[in-house]
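Each chain, written out:
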Amino acid sequence: MQFLATPAQAAQIDRYMIETLEIPGLLLMEQAATAIFHEIAALFPPCRVLLVAGSGNNGGDAWAAARILLTHGYDVAIGAASLTLPPDADANMRYFSHTSRITLLTPDTLDSFFSRDAAVIVDGLLGTGLSRPASGLYGEIIRRINAHPAKVVSVDIPSGISGETGAGQTAVTADITVTFQYAKPGHLLFPGRSHTGRLVVAKIGPEAGRPPLHLQWADTFSLPPRAADTNKGTYGRLAIFAGSRGMAGAAALAARGALAAGAGLTTVYTCEYVQDVLQHTLSSVTAQAIGGNPAYIAAEGSVLENCQARAYAAGPGLGQHAETLPLLRSIAQSSLPKVLDADGLNLLAADGSLSFGANTVLTPHPKEFSRLSGCSMEDILSSPLDTAGAFAKQHGVVLLLKGATTIVSDGAKACLVTAGAPSMAKGGSGDVLTGVIGALLAQGLSPFMAAYGGAYLCGKAGETAAARKGDYAPTAEDTVYFLGR
Ligand SMILES: NC(=O)C1=CN([C@@H]2O[C@H](COP(=O)(O)OP(=O)(O)OC[C@H]3O[C@@H](n4cnc5c(N)ncnc54)[C@H](OP(=O)(O)O)[C@@H]3O)[C@@H](O)[C@H]2O)[C@@H](O)CC1
Ligand SMILES: [K+]
């Protein structure tokens, strides 16, 4: 896990380093510029570099990088959107003030500046100080950068992308982004993620005593090695409530996910029809028909008292049967660790049953989350962190909002999971995730950890499947197969 900083937090941390730790801002800028230089030097021997500098300290980093590149034999040309700069940026700009390397970028000079050959463009137009969408001259500069054949190295964040939300319609598309101290949410959230290229996080100052951060990037996760003197009881009993006629596969995938993630004992509680299917296809789980209806679950909550589970996973393939609701409500309101997904969430949302006991993980995709929360899809997609966090806090749950970048929030802290592959945008992926999270809960992980751990493990398995089988062919079964490999 690594911490992320929003633009406001990054500015606060800069202030902390400058005012409390008494590190001059000019020195921090030099560190930032040195990191940019090293990335360029690692890829290109001395060559022509175009540097584009805006009106803030992001531009200051570019001016400082230009100086370091020049002293190492690179041929630099700087396109300046402004020559009125904050003090540290101004100091770095002045190094060039009596040279012919500066072009003031105006509609009249854009063509000549960007028609130059160059191997690299350094994008220091806009950083974390972006205060509005890029348009006008800035929009035109961004289009020129994107149209140039050179490799693009963005300073801190691709210009035009919001560091907070990843939003930005007119934005630089970078090959490499060198950010400072902490990655920003905008690097990981789409569309920002697709503009960032390879992300390099360069430490430019000490970390001790910095203001607290609440957002992390789940870029690693592993389960502890299993001790030799353990048995199936050590790893928990998971009760999965899933399946209805026509959707036995969802129950089977959740069960397979749970087995592959290490649950000690897995029992699927389902209808007669699905029980039959599971008994013929899955030998490592037990399946129990409950409720008396052959086609779907129609049981009362009393079944929970007898199943002696350490965790529940409920929802995959349940269908939309009102008779399933009493059981779902009992599961949702119990204090046992549990994960609720898919039809389980839809049924509870349709009924307005949004009362959850402790240790609850909900795993909606944006449409399911819209039904649950009443927020519009537009609000969810434009502010996923805020909407997920507000819902998690209000209902006392861990909310896992599925997406190409998955968000996990408990209302106080949150993390982003970027593991995954486009091949996973396919039916069945969510069922496997439910089973995996259920298994992690059964093994005693906290709901927050089980949620991001499950998303990470499934995402990595999906990446491996895509590496072997391409973007189209992998199925949810492949995600199960590659879990942990
Ligand atoms: N502080 C430090 O110690 C360190 C900081 N570092 C670096 O500083 C960067 C942050 O610097 P920053 O705060 O100066 O903001 P920055 O992104 O350069 O832009 C602000 C300027 O852009 C303007 N502007 C905004 N939106 C616009 C738009 N759409 N179109 C046109 N203009 C627009 C805005 O105008 P205003 O909003 O005031 O009207 C203002 O003039 C950070 O990303 C990192 O690279 C590192 O060196 C490490 C040490
Ligand atoms: K930039």
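Here the residue numbering is sequential within each chain, running from 1 through the sequence in written order. Key to labels: chains lettered from A, ligands numbered from 1, both in the order written. The model is predicted, so local features are restricted to residues of pLDDT at least 70 and side-chain atom pairs to those at 80 or more, both for listing and for counting; the totals for chains, interfaces and linings are taken over all residues. By convention in this description, side-chain values take in all heavy atoms of the structure and omit both hydrogens and water.

Identification of the chain as Bifunctional NAD(P)H-hydrate repair enzyme from Guopingia tenuis is taken from an unreviewed UniProt entry.

Aromatic ring pairs are reported here in terms of the distance separating the ring centres and the angle at which the planes meet. Two aromatic rings, drawn from Phe, Tyr or Trp (for Trp, its six-membered ring), form a pair once their centres lie within 6.5 Å of each other, and the interplanar angle then sorts them: stacked below 30 degrees, edge-to-face above 60, tilted otherwise. This structure, assessed with the given rule, holds 10 aromatic pairs. With centroids separated by 6.0 Å and ring planes inclined at 45°, the aromatic side chains of W63 and F96 adopt a geometry described as tilted. Placement of the pair is W63 in helix α3 (residues 57-71) and F96 in the loop between α4 (87-94) and β4 (102-104), with a sequence separation of 33 residues. Considered together, W63 and F96 belong to a single accessibility category, that of buried residues. A centroid spacing of 5.3 Å and a plane angle of 70° characterise the contact between Y95 and F96, whose relative ring orientation is edge-to-face. Per-residue accessibility, obtained with a 1.4 Å probe over protein chains only, is compared with the maximum for each type, and a residue is labelled buried under 20%, exposed over 50%, and partly exposed between these values. On the accessibility criterion, Y95 (43% relative accessible area) is partly exposed. We classify F96 as buried; its relative accessible area is 0%. Counting every residue linked through ring pairs, the aromatic cluster contains W63, Y95 and F96. In this text, helices come from DSSP runs of H or I with a minimum length of four residues, and strands from runs of E with a minimum of two, each type numbered from the N-terminal end.

Turning to the nonpolar core, a few remarks are in order. Remark: nonpolar core denotes a set of buried residues (Ala, Val, Leu, Ile, Met, Phe, Trp, Tyr, Cys) joined through side-chain atoms within 4.5 Å. Counting residues in hydrophobic clusters, the biggest one holds 55 residues, and the most contacted among them are L238, I240, L278, V408, I437 and Y452. The biggest single contributor to this core is helix α18 (residues 447-469), with 10 residues. Contacts of I240, omitting those with residues within four sequence positions, involve A254, A255, A258, T266, T267, V268, Y269 and A313. Judged by nonpolar contacts, the second largest core, of 45 residues, contains L51, I68, A80 and L213. The contact definition used throughout considers only heavy atoms, calling two residues in contact when any of these lie within 4.5 Å.

Let us look at the domain arrangement of the chain. For the chain, the assigned domains read domain 1 (2-212) and domain 2 (232-482). Where each domain begins and ends is defined by an automated method or by a domain database. Between the C-alpha centres of domain 1 and domain 2 the distance comes to 42 Å. With 7 residues of domain 1 in contact, the opposing surface of domain 2 contributes 8 residues. Overall, the association of domain 1 and domain 2 removes approximately 610 Å² of surface from exposure, summing both partners, and the carbon and sulfur fraction of that is 69%. Computed with a 1.4 Å rolling probe, the buried area is the accessible surface lost when two parts are put together, summed over both parts. Per-residue buried area on domain 1 facing domain 2 is highest for L188, L189 and R193; these three make up 63% of the total on that side. Any Lys or Arg side-chain nitrogen found within 4 Å of a carboxyl oxygen on Asp or Glu counts as a salt bridge. Summed over the shared surface of domain 1 and domain 2, the result is 0 salt bridges. As used in this structure description, the phrase polar contact means that two N or O atoms lie within 3.5 Å; if the pair is within protein, one of them must be able to donate a hydrogen and the other to accept it, and residues adjacent in sequence are counted only when both atoms belong to side chains. On the surface where domain 1 and domain 2 come into contact, there are 4 residue pairs in polar contact (both at pLDDT 80 or more). Throughout this entry, Asp, Glu, Lys and Arg are counted as charged residues, while Ala, Val, Leu, Ile, Met, Phe, Trp, Tyr, Cys and Pro are counted as nonpolar. The remaining residues, Gly among them, count as polar. Its residues assigned to classes, the side of domain 1 that touches domain 2 shows 5 nonpolar, 1 polar and 1 charged.

In sheet architecture, strand pairing relies on hydrogen bonds along the backbone and comes in two forms, parallel and antiparallel. Only when DSSP finds a minimum of two bridges between them are two strands counted as paired. Across the sheet, which stays open at both edges, the 7 strands sit in the order β4-β3-β2-β5-β6-β7-β8 with parallel pairing between neighbours. Only two strands of the sheet have a single neighbouring strand rather than two, namely β4 and β8 (198-202). On average, each strand axis in the sheet is inclined to that of its neighbour by 20°, with strand direction left out of account. In this sheet, β4 lies alongside strand β3 (residues 75-80) in parallel orientation, the contact comprising 3 bridges. Angular values range over 0 to 180 degrees, each being the angle between N-to-C directions of two axes fitted as lines to C-alpha atoms, with helices fitted over their stretch in contact.

So, on to the site of ligand 1. Neighbouring residues are identified by heavy atoms, a residue being near a molecule or strand if any of them is within 4 Å of it. The environment of ligand 1 is formed by 23 residues, the closest being D61, G127, S131, R132 and D156. Here D61 contributes a side-chain N or O atom positioned 2.4 Å from an oxygen atom of ligand 1. Here a nitrogen atom of ligand 1 and a backbone polar atom of P133 are 3.3 Å apart. Surface accessibility in these figures is a Shrake-Rupley result with a 1.4 Å probe; residues are shielded only by whichever protein chains are displayed. In isolation ligand 1 has 930 Å² of accessible area, and contact with the protein removes 76% of it. Taking a 2 Å distance to the grid points as the criterion, the majority of the atoms of ligand 1 fall inside the largest pocket. Those elements giving two or more residues to the shell around ligand 1 turn out to be α1 (7-20), α2 (25-43) and α3. Of the residues forming the shell around ligand 1, the biggest block, 3 residues, is contributed by α3. A per-class count over the shell around ligand 1 returns 11 nonpolar, 8 polar and 4 charged. For each structure, a 1 Å grid was placed over the protein atoms alone; sets of points admitting a 1.4 Å probe that cannot get out are labelled cavities, open sets with protein on both sides within 12 Å along at least five of seven lines are labelled pockets, and lining residues have an atom within 4 Å of a point. Here the criterion for a molecule occupying a pocket or cavity is that more than half of its atoms lie within 2 Å of the pocket grid points.

To continue, consider the coordination of the potassium ion (ligand 2). Here a donor is an N, O or S atom found within 2.8 Å of the metal, or within 3.2 Å if the metal is Na, K or Ca; sites may look incomplete because water is not among the atoms. Protein-derived ligands of the potassium ion (ligand 2) are N58 (OD1), D123 (O), L126 (O), V155 (O), I157 (O) and S159 (OG), with the metal-ligand distances lying across 2.6 to 3.0 Å. Viewed at the metal, the 6 donor atoms of the potassium ion (ligand 2) are separated by angles of 67 to 175°, and the geometry they form is irregular. Within one chain, the residues donating to the potassium ion (ligand 2) are spaced in sequence as N-x64-D-x2-L-x28-V-x1-I-x1-S. Pair noted here: N58 is in helix α3 and S159 is in the loop between β6 (151-155) and β7 (176-180), with a separation of 101 residues, a long-range link. The exposure class of N58 is buried, given its relative accessible area of 9%. Of the residues examined, S159 reaches a relative accessible area of 0% and is grouped as buried. Irregular is the default label, applied whenever a site is not tetrahedral (four donors, all angles between 85 and 135 degrees) and neither square planar nor octahedral (four or six donors, opposite donors over 155 degrees apart, all other angles between 65 and 115).

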